Amino acid sequence: MSTPRFAVVGHPNKGKSSIVSTLANDEQVMISALSGTTREVQEYPLMVDDETLYVLIDTPGFQRPRAALEWMHAQAGSSAERPQVVRRFVEQHQGDARFEAECRLLAPLIGGAGILYVVDGSRPFGHEYEAEMEILRWTGQPSLALINMIGSGDYRHEWENALGQYFRIVRVFNAMKADFDKRLQLLLAFAQLCEAWRAPLERAVQVLRAERQRRRTGAVRLIAECLAGMITYFRESPLDSSKSIDRQRAALGEAYRAALTRREQACRQAVESLYDYNRLQRREAVVDILDEDLFSSLSWRLFGLTRRQLVATGGVGGAAAGSVIDVAVGGHSLLLGSGLGALIGGASAWFSADRIADIQLLGKSLGGQVLRIGPMRNINFPYVVLGRALLHLRMLEGRTHACREPLELVSAADSLRTAGHRQRAGVEKVFAALRKQGAGDPALLDRLGHAIEPLLDGGDEPEA
Amino acid sequence: MRYTGTMTPAALLTDLIALTTALEADGATDTRRRQQRDRAIGKELHGQRKRPARQLSGWLRRVDIADWRPSGAHAGVHLYRVLGVSLAVLGLAVGWTLARGVLSYSGQTPINIFHVVSALVLPQILLLVVWLLLALPGASALFSGVRATLGVVHPGRLAQRFAARLERGRTPGLQLLWTQHQSRVMTPAGRWLVSYWSQLFAVWFNVGALLALAYLTAFSDLAFAWSTTLNLDNAEFHRLLQWLSWPWHNLYPQAVPSRELIDASRFYRLQSGGFEPAPPLSAAQLGAWWPFLFLALTSYGLLPRLVTLLVSWLRLRVHLARALAHIAGAAELLARMNSPLVTTVCAHDDVIAGAPGANADASDPVPSARTDGVAMACPVVGWSGTYAQRERLAPRLRGLGIEPLDWQDAGGGRSLHEDRTLVASLCQKRQSGVAVVVRAWEPPLLDFIDFLRDLRRQCGARQAIVVALWGGEHPVATRDSEVWRHALRQLHDPYLHVETLEPTP
């Protein structure tokens, strides 16, 4: 079975490369306001491992269609000869700078590629298009016309009338805004052009759907990891008694906020990369909750033990020593030895702890006070972070690779509004478990992922 | 490097540290290249699909990441081995020394069996019970206080703290297992490593103690007896020892102390003139205690510790393998390896040459509007359909100082021959110039450029040619104006001007 091949052809600057960029999910396709940006033929195959399901071909636009058609008219005898005349045109003008663009764009067509003719539906139809449409008709290849709505104008009916005379299928398609389903519908429309293309294109649609789901699952997992990490994140620093505690607290708070922001940005980048966006510019404000006063606490440590653990250790040691006395007197002391030993051991640990903590070993104190900031206590914090992440993911999924504008992440607060009561409760349960158990439990992350994914598609029940 | 498939804790630890650093370094790798590379490796390791740890190990042995050196992980594993050997040597030394101390015999007072059992056997039973409690599933939270309390004197914990000191400031090593306090993935592996080290110490402690007992029994004349201030009579002590001897009483009954031996070997410090065994036992027969001691140490010390060492080793292996498959980025890596690679992007790297006009000399002036301000009466060519709008366009042209003398149609649906004839007729008359009105939203094709060149060739080099951009019902977009100016700049024509017409209502 031959692999379906489609050449995207048309007038220069009418969004051919945008269509290719959108269908191929390739942000590297050069799109420019300057006419004739595409000068080489580029192939964009849909490959599943080593198997090619279809090939999309970006081509330069027509430059001298009237001259080319004039040459063809001069050569053609009958309608049946027209495809041969187009072939002869390409063969005879190879290397001719005058018809460089025409030869390049017609070459895939005489090689059997289908035609995907692109026009700008936001601008009026003009007679200069007739020559190129006529040439395309001469090729005899299966063809489909796409009315690409680039600007604000709407001349689609004018175009539909004109295109309908040359092409069997005419579709309106906005390369900048086409959602995933519209892209798949376009592929299925290609399948109508040729019976032999139906099976590979239907398979391509299946593959793309599965790939989409795989990416979504991966993105949700990344968001869950990031969220869990941010909810449970804290930062500690040994307290330097020679410096102002407020200043140390402020510095630690700044580092804490910076670390959370870095985590969130790293997650954004990873999700974008998953969706083949590696050059995307993004504009996003810092989480506003981070500007609030952060909770901080001081704790005491020695050998990594808290004071309470240290006293317990001293107590156990003392009790062990005291038990020797109990054993020696055959238990007649009624465990008084153990009890007294525990008391003495615990008290010694309590009173000598600070002195031991000040001892320097290899230039570091053995213990002392530790300043800690986090985890974030604001109960809205996980929802704000989740809302922002979901908004980002939704915008990515709704975006096409032809769109080169920066991604503006605004109004994240609304992104959880569609969540139903049951879904919110599910998410809250996982948040509570995370606060209690900490992050890093794969099962908990799976649960969080399962709770998050339905939120992408809206709620289970509307809220009053 | 060929994947050997070893799954020892050392190998897994190497992989865990190496994978952590590799995934971190891999963040800089191009996404597409990474997908292709990982899928290719995944296909090679298809047989290991259901064993993620093995797949990840295989990946590590095949992958080539810039700025990443797999050898970095070996320092951590080296430390793991060094600490293991050190603990074994320390355990051996402590066991030997303690046993020598407890079994020291001056020839005056016999060695008190009660002391030996209290020092070498009973604490081991107690510690074994503690270990079993801590190893229970779910015991982690329940006994966290106990663990922290024992932390200071726990050989495994001491090794952990020592490792922390040695690795300070270095790339991830063994500390990976403990520094991520929040990580439920790493914590179990870290806990079992500590347990493994402790059991290693304990096994060698018992070996040391047994060696000391064997050495002293073989090369010196030991006299065992028993004595206690506790209110413990011979029958009770016999029962206690029988209970202790239960593990081997069938296998080696001679090593179970008999009532006669117990009766005969009890002594009191107040006895004058030292200890004299009661008849019918001789001093030599008191040496019969050693098999009991040997088997007690083996049964309650060495053998259980060998089992706990094996359990710790196995659990460490399981949790290291689990951690390997669950560290950040591993799930994504496994997905890349095991899912079909779907690519839609360009097959070549030589993406698209420069934009048209890239060959234009930057020093060329951009065609501008006329600056002489002189009104120009001239013929006007309506290019590609603008001719039909001549009534609406004429006032706009006058606004630019261009008085249309007559209107001609060119381009669009007309033939090239008709265009050539038009150019010839326009240039036959002496005109002050020619204006061409174009639709600004349609980019200038070479077809139009040919027309302008023809016009210049036939009308002369100094004839003013004005290209008037018309935006239809809207003002000409800046973007469209730039496209036109950029394209016409390539003609290097100082008498070619570009004007913008106001929109027609």
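Above this text you will find the structure in question.
Report follows, based on the coordinates. Computed from a predicted structure; not experimentally measured.

### What about the overall build of chain A?
On a plain count of helices and strands, chain A comes out with 14 helices and 14 strands. Within the span of chain A, comprising 464 residues, buried residues form 52% of the whole. Long-range contacts, defined here as pairs at least 24 residues apart, represent 75% of the contacts in chain A between residues at least 6 apart. Accessible surface, chain A as shown: approximately 21,100 Å² in total, 53% of it carbon and sulfur.

### Some remarks on the state of the cysteines
Residues and elements named next belong to chain B. Tallied over the entire structure, the rule returns 1 disulfide over all chains. What pairs with Cys427 in a disulfide is Cys459, and their sulfur atoms sit 1.7 Å apart. Every disulfide takes its handedness from the sign of the S-S torsion; for Cys427 and Cys459 that torsion is -70 degrees, giving left-handed. One end of the pair, Cys427, is in helix 16 (residues 416-428); the other, Cys459, is in helix 17 (residues 446-459), and 32 residues separate them in sequence. The residues Cys427 and Cys459 share a single accessibility class, namely buried.

### Quick notes on the packing of aromatic side chains
Geometrically, a pair of aromatic rings is defined through the distance of the ring centres and the angle of the planes. What the rule picks out here adds up to 26 aromatic pairs over all chains. Taken together, a centroid distance of 5.7 Å and an interplanar angle of 45 degrees make the contact between Trp96(B) and Tyr215(B) tilted. Here Trp96(B), found in helix 4 (residues 72-102), pairs with Tyr215(B), found in helix 10 (residues 186-219); they are 119 residues apart in sequence, far enough to count as distant. On the accessibility criterion, Trp96(B) (31% relative accessible area) is partly exposed. The exposure class of Tyr215(B) is partly exposed, given its relative accessible area of 38%. By way of ring pairs, the aromatic residues Phe6(A), Tyr54(A), Phe190(A) and Trp197(A) are connected into one cluster.

### Thoughts on the pairing of strand 8 (residues 496-500) of chain B
Residue and element names in this part refer to chain B. Among the 5 residues in strand 8, 4 count as buried, and that is most of the element. When strand 7 (residues 464-470) meets strand 8, the two strands line up parallel, connected through 5 bridges. Within strand 8, the residue paired with Leu469 across the bridge is Thr500. With respect to chirality, the unit in which strand 7 leads through helix 18 (residues 478-489) into the neighbouring parallel strand 8 is right-handed.

### Quick word on the environment of Gly322(A)
Residues and elements named next belong to chain A. Following the sequence through the fold, Gly322 ends up in helix 10 (residues 307-328). The exposure class of Gly322 is buried, given its relative accessible area of 4%. Residues Gly322 and Ser338, 16 residues apart in the sequence, show an inter-C-alpha distance of 4.1 Å. For Gly322, the contacting residues outside a window of four places in its chain are Gly337 and Ser338.

### A closer look at the pattern of salt bridges
Summed over all chains, the structure comprises 41 salt bridges over all chains. Residue Arg64(A) is joined to Asp450(B) by a salt bridge in which the shortest nitrogen-to-oxygen separation is 2.6 Å. Here Asp450(B) lies in helix 17 and Arg64(A) lies in the loop between strand 3 (51-58) and helix 2 (65-75), a pairing that spans two chains. The salt bridge partner of Arg221(A) is Asp446(A), with a shortest N-O separation of 2.7 Å. Of this pair, Arg221(A) sits in helix 8 (residues 195-232) while Asp446(A) sits in helix 14 (residues 442-456), and the two are 225 residues apart along the sequence. Under the relative-accessibility criterion, Asp446(A) is labelled partly exposed at 38%.

### Examining the sheet that holds strand 8 of chain B
Residues and elements named next belong to chain B. Taking strand neighbours across the sheet as the criterion, the 5 strands line up as 5-4-6-7-8 in an open arrangement whose pairing is parallel. A single partner strand is all that each edge strand has here, and the edge strands are strand 5 (402-410) and strand 8. Sheet twist, expressed as the average angle between the axes of neighbouring strands with direction ignored, equals 25 degrees.

### What to know about the nonpolar core
Formed by 91 residues in total, the largest nonpolar core has its most connected members in Leu19(B), Trp59(B), Tyr80(B), Leu174(B), Trp197(B) and Trp289(B). Counting residues per element, this core draws most heavily on helix 10 of chain B, at 16 residues. Counting 47 residues, the second largest nonpolar core, distinct from the first, contains Ala219(A), Ala259(A), Ala439(A) and Leu455(A).

What counts, and where the lines are drawn
- Residues numbered from 1 in each chain as written.
- Chains lettered and ligands numbered in written order.
- Predicted model: local features only at pLDDT ≥ 70, side-chain atom pairs only at ≥ 80, totals over all residues.
- Heavy atoms only, no water.
- Helix = DSSP H or I, 4+ residues; strand = E, 2+ residues; numbered from the N terminus.
- Buried < 20%, exposed > 50% of the residue type's maximum accessible area, 1.4 Å probe, protein only.
- Contact = heavy atoms within 4.5 Å.
- Areas by Shrake-Rupley, 256 points an atom, 1.4 Å probe, with all protein chains shown as cover.
- Disulfide = S-S within 2.5 Å.
- Phe/Tyr/Trp six-rings, centres within 6.5 Å; stacked < 30°, edge-to-face > 60°.
- Pairing = 2+ DSSP bridges.
- Right-handed = clockwise from strand over helix to strand, strands pointing away.
- Salt bridge = Lys/Arg side-chain N within 4 Å of Asp/Glu carboxyl O.
- Axes fitted to C-alpha atoms, helices over the stretch in contact; angles between N-to-C directions.
- Core = buried A, V, L, I, M, F, W, Y, C linked by side-chain atoms within 4.5 Å.

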